[in-house]
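Breakdown of the fold
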Amino acid sequence: MGNPTKPVTTQDFIRMKQAGRAIAVLTAYDFPTARILDEIGIDAVLVGDSANMVFYGEPSTLSITVDQMIYHTRAVARAVKRALVIADMPFMSYQVNADEALRNAGRFLKETGATAVKMEGGLPILPTIRRTIEAGIPVMGHIGLVPQSIHRFGGYGVRGRTAEERTFLKESAIALEDAGCFSMVLEAIPADFASEISQSIKIPTIGIGAGVGCDGQVLVTNDLLGLFEDFQPKFVRRYAELAQTMREAFARYVQDVRDRKFPSDDESYS
Ligand code: KIV
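Residues numbered from 1 in each chain as written. Predicted model: local features only at pLDDT ≥ 70, side-chain atom pairs only at ≥ 80, totals over all residues. Heavy atoms only, no water.

1. A closer look at the side chain of T205
The line we're drawing: Helix numbering and strand numbering both begin at the N terminus, where a helix is a DSSP run of H or I of at least 4 residues and a strand a DSSP run of E of at least 2. Each residue's exposure class comes from its accessible area (1.4 Å probe, protein chains only) as a fraction of the maximum for that residue type: buried when under 20%, exposed when over 50%, partly exposed otherwise. The term polar contact refers here to a pair of N or O atoms within 3.5 Å; inside protein, the definition further demands a hydrogen-donor-capable atom paired with an acceptor-capable atom, and it admits residues adjacent in sequence only when both atoms are side-chain atoms. Contacts: residue pairs with any heavy atoms within 4.5 Å of one another.
With respect to the element layout, T205 can be found in strand β7 (residues 205-208). Residue class for T205 comes out buried when judged on its relative accessible area of 0%. A polar contact is formed between the side chain of T205 and the side chain of S198, at a distance of 2.7 Å. Those residues in contact with T205 that lie beyond four places of it in its chain are M184, L186, S198, C214, D215 and G216.

Below, the structure written as structure tokens:
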């Protein structure tokens, strides 16, 4: 579990929860970011379909394809030696039926080197999740705010504020555990309720906007680095201001070129 050289497994996730060790997860979509995350000892790298927004500049996660996600997951998995690599199944790659879902989930394991896949949704997609796990593919669930259903709910608001939503989320969490998921993301859920869910199941919950009572946390790396500036959800903590750092570096380069200060003699061949 804490071994810095041994690859993290889905079983380690469950052991970390049992040991009360909080699980740290971040997203990555490219080789260099994934390599740095792995080097600093992140527990898992999620190749999120958030790539569609923060990498491709699309307004939602909906239009990213399986082929695009495979391309990004392959780059990430190539960089990672220790962390668990989890690939996000894109919208409509698992919703049609369990056969298609299994075929697509299988592609992620066969073609990328990822260890597990993530699917959004609770009770309604249980048969698909069960079928995928029975085929030997570990599945991370994802309930609460599920961005692939944005048009059904009409916004990215907090889930689990009504009794009806709470019942659905609690039953979904228990059902995901029963189906064999090794963990689940809880997104945008009131902290006290996310904590209650976390305590009611044995598999770890990984929170995003769900408070400190979850068994681990995940953020979109571009948010944490201050690289995605279009909007900042309440739950994001920015650990750097890389967009500003990049602006300053690029502007200095442009100025140096225009002033004929780059390249210097040292940076030139004689
Ligand atoms: O796509 C993603 O990055 C995610 C995380 C925000 C959990 O699903």
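2. Side note on the domain arrangement of the chain
Heads up, the condition is: Residue ranges for the domains trace back to a domain assignment, done automatically or taken from a database. The quantity reported as buried area is the accessible area (1.4 Å probe) lost by two parts once they are put together, taken as the sum for both. When a carboxyl oxygen of Asp or Glu is within 4 Å of a side-chain nitrogen of Lys or Arg, the pair counts as a salt bridge.
With domains assigned, the chain is organised as domain 1 (10-239) and domain 2 (242-270). Taking the mean C-alpha position of each, domain 1 and domain 2 sit 39 Å from one another. Of the residues lining the interface, 4 residues belong to domain 1; the matching set on domain 2 comes to 4 residues. Across the domain 1 to domain 2 interface the summed buried area is about 330 Å²; carbon plus sulfur atoms make up 56%. When the buried surface of domain 1 facing domain 2 is broken down by residue, L225, L227 and E229 rank first, second and third, together holding 90% of it. For the pair domain 1 and domain 2, the number of links is 1 salt bridge. In this structure, R247 engages E229 in a salt bridge whose closest nitrogen and oxygen atoms are separated by 2.3 Å. For the pair domain 1 and domain 2, the number of links is 3 residue pairs in polar contact (both at pLDDT 80 or more).

3. Some points on the packing of helix α5 (residues 98-112) against helix α6 (residues 126-134)
As a reminder of what qualifies: Angular values range over 0 to 180 degrees, each being the angle between N-to-C directions of two axes fitted as lines to C-alpha atoms, with helices fitted over their stretch in contact. For classification purposes, an angle smaller than 35 degrees is called roughly parallel, one larger than 145 roughly antiparallel, one from 65 to 115 roughly perpendicular, and anything else oblique. The crossing is said to be left-handed when, going from far helix to near helix, the turn is anticlockwise and less than a right angle, and right-handed when the turn is clockwise. The classification used treats Ala, Val, Leu, Ile, Met, Phe, Trp, Tyr, Cys and Pro as nonpolar, Asp, Glu, Lys and Arg as charged, and all other residues, Gly among them, as polar.
Where α5 meets α6, the closest approach of the two axes is 9 Å, and the angle between their N-to-C directions is 45°. Of the possible angle classes, the one that applies to α5 and α6 is oblique. Considering the relative orientation of α5 and α6, their crossing is right-handed. Residues A98, D99, A101, L102 and A105 of α5 form the contact with α6, whose own contacting residues are T128, R131 and T132. For the contact of α5 with α6, the residue count by class is 4 nonpolar, 2 polar and 2 charged.

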